[in-house]
Amino acid sequence: MTGRSIAWPIVPTVEIAAQEKGAIVSGPFGSAISSKYFEDVGTPVIRGNNLTLGVTRFVDNGFVFLGDQKTHQFRNMKAVAGDIIFTAAGTLGQVGIIPEDSRFPFYIISNKQLRLRVDRKKVDPIYAYYWYSSPEIRQQIIASNRGSSVPLITLQVLRSLPIAIPALDIQCRIAAILSAYDDLIENNKRRIAILEEKARRIYEEWFVHFRAPGCEGLPLVDSPLGPIPVGWAATVSVIADYINRGIAPRYDETSQTVVINQKCIREGRLSLEPARPQSKPVPAEKLARHLDVLINSTGVGTLGRVAQAFRPPSGCTVDSHVTIARPRLEVDPHFFGLTLMRLQSKFEAAGVGSTGQTELSRDRIRAETVVNPPHSLQRAFGEKIEPMRELAQLLSLQNGNLRAQRDFLLPKLISGEFDVSAAEQLLEAAE
């Protein structure tokens, strides 16, 4: 149910800040919080890796720490539950909120962050977080760049950012709706991680520790992988039917087919969100197929990342910086996928060439030593883990739908364009 936007009052951020000194602050100046002061334990420092572009509210890990002396020195730059954190230098538009159930009682913001503490009598903190992380406000933040070589926003930019202020009960309902979507997404992500870890553990039990059914007491021989059962040593070329790079795409925003690039492959998963439309004809063998393994093969930082494709869309291919590895017909594709995914660290170290031009060659991939157990054992493994991996994929697709609903609702709810009661009904259907 949509209609004209409700005329909620719009005020500058400074007017909804808490009535206390330092409600809006920047982090420590320059080198006062440099790496030479970091310790293994202590007070966590919030940096850019703890904030996202609207993907999740806060990444509560990956910290460096400050000792008691530095923590006391920067005590006015603490962030506690409900505080909203903005990236001030670097990736502008990153926003986070310290959760009520955070791992630490407080944090210190780095020299590249700003912190906002809202007046809870005026504004619900979670509502404010969703307002500032909405596409429109993130674009406004980006457009307020005051830097030259490094994107930068100032305290004045933050103080002047507009925020719509509906009645507090409406704010809380909007925050509850959007939070519920994020909670569903996070719950699915935890379930996916558990399923993926279970599949990896079974692989290790069967093909690293050789405790697969019927394999007890098999004689072992030395190999580049260490002692393995007799006849199990092979190279990737033995289990792969096809290893080749993709195409040089012709980008075309009107095309219905997409090309996968290196940004699509991250943390062992394939995401089509960074993929781009392209219209160049694609040889049949270079079309991505179900359970193909994709390997980033160019550059520093992304080279060597591995993911397996689950039902890629029709006409989808990969660009020339990504290698397709496809199993032989007799090789179980789930076994093939987990085998190559275990090689990621080796692929990452196998690039050759000058800085910025590092390449992972097809021959280097082919030559990597792997286990190649009997095909009957591979099939038994595949049958065991396929339901886990299919469920993980289903949950991933559900997350895509949930994100789409949340991203549709977010700007419309906070602008008053979409009725809150209708959004609550839509959420009930999603749950």
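Residue positions within a chain follow its written sequence, with the count starting from 1. Where local features are concerned, this predicted model is filtered to residues with pLDDT of at least 70; where side-chain atom pairs are given and counted, the filter is 80 or more; whole-chain, interface and lining totals use all residues. Hydrogen atoms and water are omitted, and side-chain values are computed over all heavy atoms in the structure.

**Q** Outline the side chain of D182, supporting the account with residue identities and numerical values.
**A** Mapped onto the elements, D182 comes out in helix α5 (residues 168-207). Accessibility expressed as a relative area gives 6% for D182, which makes it buried. Polar contacts, as counted here, are pairs of nitrogen or oxygen atoms within 3.5 Å of one another; within protein the pair requires one atom able to donate a hydrogen and one able to accept it, and residues that are adjacent in sequence qualify only if both atoms are side-chain atoms. At a separation of 2.5 Å, a polar atom in the side chain of D182 contacts the side chain of Y130. A polar side-chain atom of D182 sits 2.5 Å from a polar atom in the side chain of R406. In contact with D182, not counting residues within four places along its chain, are R57, Y130 and R406. Runs of H or I in DSSP of at least four residues are treated as helices and runs of E of at least two as strands, each being numbered from the N terminus. Burial classes: relative accessible area under 20% of the type maximum marks a residue as buried, over 50% as exposed, and values in between as partly exposed (1.4 Å probe, protein chains only). When checking whether two residues touch, look at their non-hydrogen atoms; a contact exists if any pair is within 4.5 Å.

**Q** Lay out the side chain of N296 with the relevant residues and their values.
**A** Inspection of the secondary structure puts N296 in strand β20 (residues 293-296). A polar atom in the side chain of N296 sits 3.3 Å from the backbone oxygen of T302. Residue contacts for N296: discarding those within four places in its chain leaves Q262, I265, T302, L303, G304, R305, H321, V322 and L360.

**Q** Break down the packing of α5 against helix α10 (residues 375-415) for me, with residues and values.
**A** A fitted line through C-alpha atoms represents every axis, and for helices the fit uses only the stretch in contact; the resulting angles, taken between N-to-C directions, go from 0 to 180 degrees. It is at 9 Å that the axes of α5 and α10 come closest, and there the two elements cross at 165°. Compared by their axis directions, α5 and α10 come out roughly antiparallel. In this structure, the crossing between α5 and α10 has a hand that is left-handed. Split into classes, the residues belonging to the contact of α5 with α10 amount to 26 nonpolar, five polar and seven charged. Throughout this description, any angle smaller than 35 degrees is read as roughly parallel, any larger than 145 degrees as roughly antiparallel, any in the 65 to 115 degree range as roughly perpendicular, and the remainder as oblique. Note on convention: near helix rotated counterclockwise from far helix by under a right angle means a left-handed crossing. Clockwise means right-handed. For this classification, the nonpolar set comprises Ala, Val, Leu, Ile, Met, Phe, Trp, Tyr, Cys and Pro, the charged set comprises Asp, Glu, Lys and Arg, and every other residue, Gly included, is treated as polar.

**Q** Please set out unusual backbone geometry residue by residue, giving values where relevant.
**A** Here E267, not a glycine, exhibits a phi torsion of approximately 55°, which is positive. For E267, a relative accessible area of 64% gives the class exposed.

**Q** Summarise the environment of L155; cite the residues concerned and give the values.
**A** The topology assignment puts L155 in helix α4 (residues 155-160). Residue L155 is classed as partly exposed on the basis of its relative accessible area, which comes to 22%. C-alpha of L155 to C-alpha of E216: the two residues are 61 residues apart in sequence and 66 Å apart in space. Ignoring anything within four residues of it in the chain, the contact list for L155 reads I24, V25, S26 and L114.

**Q** Break down the pattern of salt bridges for me, with residues and values.
**A** Close approach of charged atoms allows side chains of opposite charge to pair. Between Lys or Arg on one side and Asp or Glu on the other, a salt bridge is scored when a side-chain nitrogen of the former is within 4 Å of a carboxyl oxygen of the latter. Inspection of the entire model under this criterion finds 22 salt bridges. Residue R120 is joined to E100 by a salt bridge in which the shortest nitrogen-to-oxygen separation is 3.6 Å. Here E100 lies in the loop between β8 (95-97) and β9 (107-109) and R120 lies in the loop between β10 (113-116) and α2 (125-132), a separation of 20 residues in the sequence. Residue E204 is joined to R342 by a salt bridge in which the shortest nitrogen-to-oxygen separation is 3.4 Å. One end of the pair, E204, is in helix α5; the other, R342, is in the loop between α7 (333-341) and α8 (344-349), with 138 residues separating them in the sequence. Relative accessible area serves as the criterion here: at 30%, E204 is assigned to the partly exposed category. Residues participating in the shared-partner salt-bridge network are R57, D182, D183, R406 and D407.

**Q** Give me the state of the cysteines: which residues, what numbers.
**A** Two cysteine sulfur atoms form a disulfide, by the criterion used here, when they sit within 2.5 Å. Under the defined criterion, the tally for this structure stands at zero disulfides. Considering cysteine sulfurs only, C264 is the nearest to C316, which forms no disulfide, with 8.1 Å between them.

**Q** Before we move on, can you summarise the packing of aromatic side chains with the specific residues and values?
**A** Aromatic rings from Phe, Tyr and Trp, with only the six-membered ring used for Trp, were paired whenever their centres fell within 6.5 Å, and each pair was classed as stacked if the ring planes differed by under 30 degrees, edge-to-face if by over 60, and tilted otherwise. Taken as a whole and judged by the stated rule, the model has 18 aromatic pairs. Centroid distance F63 to Y107: 5.5 Å. Interplanar angle 45°. Geometry classified as tilted. Taken together, the residues span a long stretch of sequence, with F63 in the loop between β4 (43-46) and β5 (64-66) and Y107 in strand β9 at a distance of 44 residues. Classification of Y107 by relative accessible area gives buried; the value is 0%. Taken together, the ring pairs in this structure connect Y203, W206, F207, F210, W232, F335 and F381 into an aromatic cluster. Charge-over-ring contacts are defined here by two conditions on Lys NZ or Arg CZ: a distance within 6 Å of the ring centre and an angle within 35 degrees of the ring normal. The aromatic ring of F106 is capped on one face by K78, whose charged end is 4.1 Å from the ring centroid.

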